[in-house]
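Listed below are the residues making up each chain.
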Amino acid sequence: MAAALGPAAASEPAATDTTCPTTFPVQPPAQPAQRQLEVARLSSLEEPCQDRADYFAYQGVLQLTLEHPQKAALALEKALLLNPDLPGVQVEYARALAAVGQRESAISILIDVLQRPDIPLALQEWLSKQFRVPQGDGWLLDWSIEFLWGAESNLNSAPGIQFLTLTLPGGSVPVQLADNERIPGGAARTTWVGSAAHSWGRGLVLFSGEINTRNSPGKPDTNQAIVSANAAYFHPFLDGQIGLRFGQTRLWMANQPTYLSSGWGLLYQLPPPFAPAGCASNLGYSVENRDFPAAPLQAGRYAGPKAWLFCRGDTWDLNVLLQDREDRARHSDRLGGDQRRSDITLGIARRLGSDTVSLWVQRGRDTDDLPYSSLLGGQPRRVDRLAGRLSYEHPVADQWSMVAYLENTLQKSNIALFNMENHAIYFGLKFHGR
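Residues numbered from 1 in each chain as written. Predicted model: local features only at pLDDT ≥ 70, side-chain atom pairs only at ≥ 80, totals over all residues. Heavy atoms only, no water.

1. Concerning the nonpolar core
Here is step 1: Grouped together as the largest cluster of nonpolar side chains are 29 residues, with contacts concentrated most on Phe24, Leu42, Tyr55, Val89 and Tyr93.
Here is step 2: Taken together, the elements giving at least two residues each to this core come down to helix 2 (53-65), helix 3 (69-82), helix 4 (89-99) and helix 5 (103-114).
Here is step 3: Of all the elements, helix 2 adds the most residues to this core, at seven residues. (Core = buried A, V, L, I, M, F, W, Y, C linked by side-chain atoms within 4.5 Å. Buried < 20%, exposed > 50% of the residue type's maximum accessible area, 1.4 Å probe, protein only. Helix = DSSP H or I, 4+ residues; strand = E, 2+ residues; numbered from the N terminus.)

2. Let's talk about the state of the cysteines
Here is step 1: Applying the stated criterion to the full structure yields two disulfides.
Here is step 2: Across the disulfide, Cys20 is cross-linked to Cys49 (sulfur-sulfur distance 1.9 Å). Disulfide Cys20-Cys49: the torsion about the S-S bond is 115 degrees, which places it as right-handed. On the criterion of sequence distance, the pair formed by Cys20 in the segment before helix 1 (32-44) and Cys49 in the loop between helix 1 and helix 2 is long-range, its members being 29 residues apart.
Here is step 3: Exposure remark for Cys20: the relative accessible area of 18% places this residue in the buried category.
Here is step 4: The class for Cys49 is buried, based on a relative accessible area of 0%. (Disulfide = S-S within 2.5 Å.)

3. A look at the packing of aromatic side chains
Here is step 1: Enumeration according to the criterion identifies ten aromatic pairs in this entry.
Here is step 2: By the ring-pair criterion, three or more aromatic residues cluster together here, those being Phe24, Tyr55, Phe56 and Tyr58.
Here is step 3: A cation sits over an aromatic face here: Arg381 above Phe418, 4.6 Å from the ring centre.
Here is step 4: We note Arg389 situated over the ring of Tyr405; from NZ or CZ to the ring centre the distance is 3.8 Å. (Phe/Tyr/Trp six-rings, centres within 6.5 Å; stacked < 30°, edge-to-face > 60°. Lys NZ or Arg CZ within 6 Å of the ring centre and 35° of its normal.)

4. Quick word on the confidence of the model for the chain
Low-pLDDT stretches of the model should not have their predicted coordinates read in fine detail.
Here is step 1: Summarising the model, the chain shows a mean pLDDT of 84, and 84% of its residues fall at 70 or more.
Here is step 2: Element-level mean pLDDT values for the chain span from 55 in strand 3 (residues 171-176) up to 96 in strand 15 (residues 400-413).
Here is step 3: The low-confidence segment residues 1-16, where pLDDT is below 50, has 43 contacts with residues more than four positions distant or belonging to other chains. (pLDDT = per-residue confidence, 0-100. Contact = heavy atoms within 4.5 Å.)

5. Focus on the side chain of Gln411
Here is step 1: Relative to the helices and strands, Gln411 is located in strand 15.
Here is step 2: There is a polar contact of 2.8 Å between the side chain of Gln411 and the backbone oxygen of Phe418.
Here is step 3: The residues contacting Gln411, other than those within four sequence positions of it, are Val383, Asp384, Arg385, Phe418, Asn419 and Met420. (Polar contact = N/O pair within 3.5 Å; in protein donor to acceptor, adjacent residues only side chain to side chain.)

6. Things to note about unusual backbone geometry
Here is step 1: The backbone of Glu67 sits at a positive phi, close to 60 degrees, despite the residue not being glycine.
Here is step 2: Residue placement: Glu67 occurs in the loop between helix 2 and helix 3.
Here is step 3: The phi dihedral of Asn255 is positive, around 65 degrees, even though this residue is not glycine.
Here is step 4: Under the relative-accessibility criterion, Asn255 is labelled exposed at 69%.

7. Observations concerning helix 1
Here is step 1: In this model helix 1 runs 19 Å from its N-terminal to its C-terminal C-alpha over 13 residues, within 8% of the 18 Å that 1.5 Å per residue would give.
Here is step 2: Turning to helix 1, its buried residues number three or more, namely Arg35, Glu38, Arg41 and Leu42. Taken end-on, helix 1 shows its buried residues confined to a sector of 115 degrees, consistent with a single buried face. Turned more than 90 degrees away from the buried face of helix 1 sit Pro32, Ala33 and Leu37, all of them exposed. (Expected span 1.5 Å × (residues − 1). Arc of directions from axis to C-beta.)

8. So, the pattern of salt bridges
Here is step 1: As enumerated under the stated definition, the model contains 24 salt bridges in all.
Here is step 2: A salt bridge links Arg214 to Glu152, with the nearest nitrogen and oxygen atoms 3.3 Å apart. Placement of the pair is Arg214 in strand 5 (residues 203-215) and Glu152 in strand 1 (residues 140-152), with a sequence separation of 62 residues.
Here is step 3: According to the relative accessible area criterion, Glu152 is buried, its value standing at 6%.
Here is step 4: Here Asp384 makes a salt bridge to Arg365, at a shortest N to O gap of 2.6 Å. (Salt bridge = Lys/Arg side-chain N within 4 Å of Asp/Glu carboxyl O.)

9. Looking at the pairing of strand 11 (residues 316-329)
Here is step 1: Here strand 10 (residues 300-312) pairs with strand 11 via eleven bridges, running antiparallel. Opposite Leu309, over in strand 11, you have Val320 as the bridge partner.
Here is step 2: Taken together, strand 10 and the strand that follows it, strand 11, pair antiparallel across an intervening segment of three residues.
Here is step 3: Pairing of strand 11 with strand 12 (residues 339-352), which is carried by twelve bridges, proceeds in the antiparallel orientation. In the strand pairing of strand 12, Asp324 is matched with Ser342. (Pairing = 2+ DSSP bridges.)

10. Considering the packing of helix 2 against helix 3
Here is step 1: Direction vectors running N to C along helix 2 and helix 3 enclose 160 degrees, while the axes themselves pass 7 Å from each other. One way to sum up the angle between helix 2 and helix 3 is to call them roughly antiparallel. Along this stretch, helix 2 crosses helix 3, giving a crossing that reads as left-handed. Contact with helix 2, carried on its side by Ala53, Phe56, Ala57, Gln59, Gly60, Val61, Gln63 and Leu64, involves Pro69, Lys71, Ala72, Ala75, Leu76, Lys78, Ala79 and Leu82 of helix 3 and no other residues of that element. (Axes fitted to C-alpha atoms, helices over the stretch in contact; angles between N-to-C directions. Parallel < 35°, antiparallel > 145°, perpendicular 65-115°, else oblique. Left-handed = near helix turned anticlockwise from the far one by under 90°.)

11. Focus on the layout of surface pockets
Rolling a probe over the atoms, with the probe sized like a water molecule, indicates the empty space that remains.
Here is step 1: Each pocket or cavity is described by its volume, and for the second largest pocket that value is around 600 Å³.
Here is step 2: Forming the walls of the second largest pocket are 23 residues, and the residues nearest its centre are Tyr93, Ile109, Asp239, Gly240 and Pro272.
Here is step 3: Taken together, the elements giving at least two residues each to the lining of the second largest pocket come down to helix 3, helix 4, helix 5, strand 6 (224-237) and strand 7 (240-253).
Here is step 4: Considering every element that reaches the lining of the second largest pocket, the biggest residue donor is helix 5, with four residues.
Here is step 5: When its residues are assigned to classes, the lining of the second largest pocket shows twelve nonpolar, seven polar and four charged. (1 Å grid on protein atoms, 1.4 Å probe; cavity = no way out; pocket = protein on both sides within 12 Å on 5 of 7 lines; lining within 4 Å. Points joined across faces, edges and corners; volume = space filled by probe spheres on them. Nonpolar A, V, L, I, M, F, W, Y, C, P; charged D, E, K, R; others polar.)

Written out as structure tokens, the structure is:
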């Protein structure tokens, strides 16, 4: 759908540096070569047309046609700032935002458009179908499920040492860790992810969940299952988006409950001018209560700020997440006392035709406030983590793909007991639907 920018007209000859055309075409030229000429022509008109909303609107539609969504979003935003009521531009702006990954902002804009009394019913249906905007009692559903097979070098996350040195009053004593040898082997993974969204006034309600299981034949003590569920609400606020999230995560090891986390988070997506073109900038604060049924003294309250950036180009995506949070001990006699955790996560995805190659890397550090144990040297514990995953996805049909990934996890500490390393390789099938 092209924005209604003005009466249909053929492209005018290139204007001089001081003249802005009286009108612009309704739609960009059909031929690719002509579109490139239009890009050059509009570039020469930027100075004389800097106050014309229809100029930026046409430029945005042209960039969308050329599949340059980040440039289109910037131009269409300028058009709306100059004339918020310019017909059709809100829809094109929503298309551009959706293309660069700002889906919540795009849906919020379209919900406003659909609520206008002058929007024909046929257009409402078209918009809902094209952008999958939930209306009335309708829900927007997404799901995927992966079946993977592979192997890991350390299924039980055992320490990377065989002997541990204990510091006793009479001297140092080496102790063999016979029960903590690494268990390598094959495993099967299943990952189910689902979400359901529903409009609520000008906002959006979102429910999401994930179930991740790993089972290794003949090694039941290494089997694990992780279940997480979240509920969130997003609403336009100060030209951006504000959101509130509640969530819970549970972990089972060898069919025994091992970890429980429940909490809430507040986030704010900054207005587009505060982010690079084609990107969404977010700030947030989250609080989690963490419990360990098998080790109650480890319980704590985990809270702190985070910031992340998501960018989408024509053939690539970029995610950057920064976190700095504190885990306050619920019991005064917890080993190490309070703990501070800092993380930086980088994700890059590159589209190669219909295939996608992605790289995910996380670097983190945990630091205790108090000495961990006099038996382990009487020093505060520090743990450094480096994890990475290289993934590949090849679509085979509309709803399923072949997937594979290599993953490596390395953990180093000034207390050798917490050193750990694991290598993993998996491949399989992914099914998805809406």
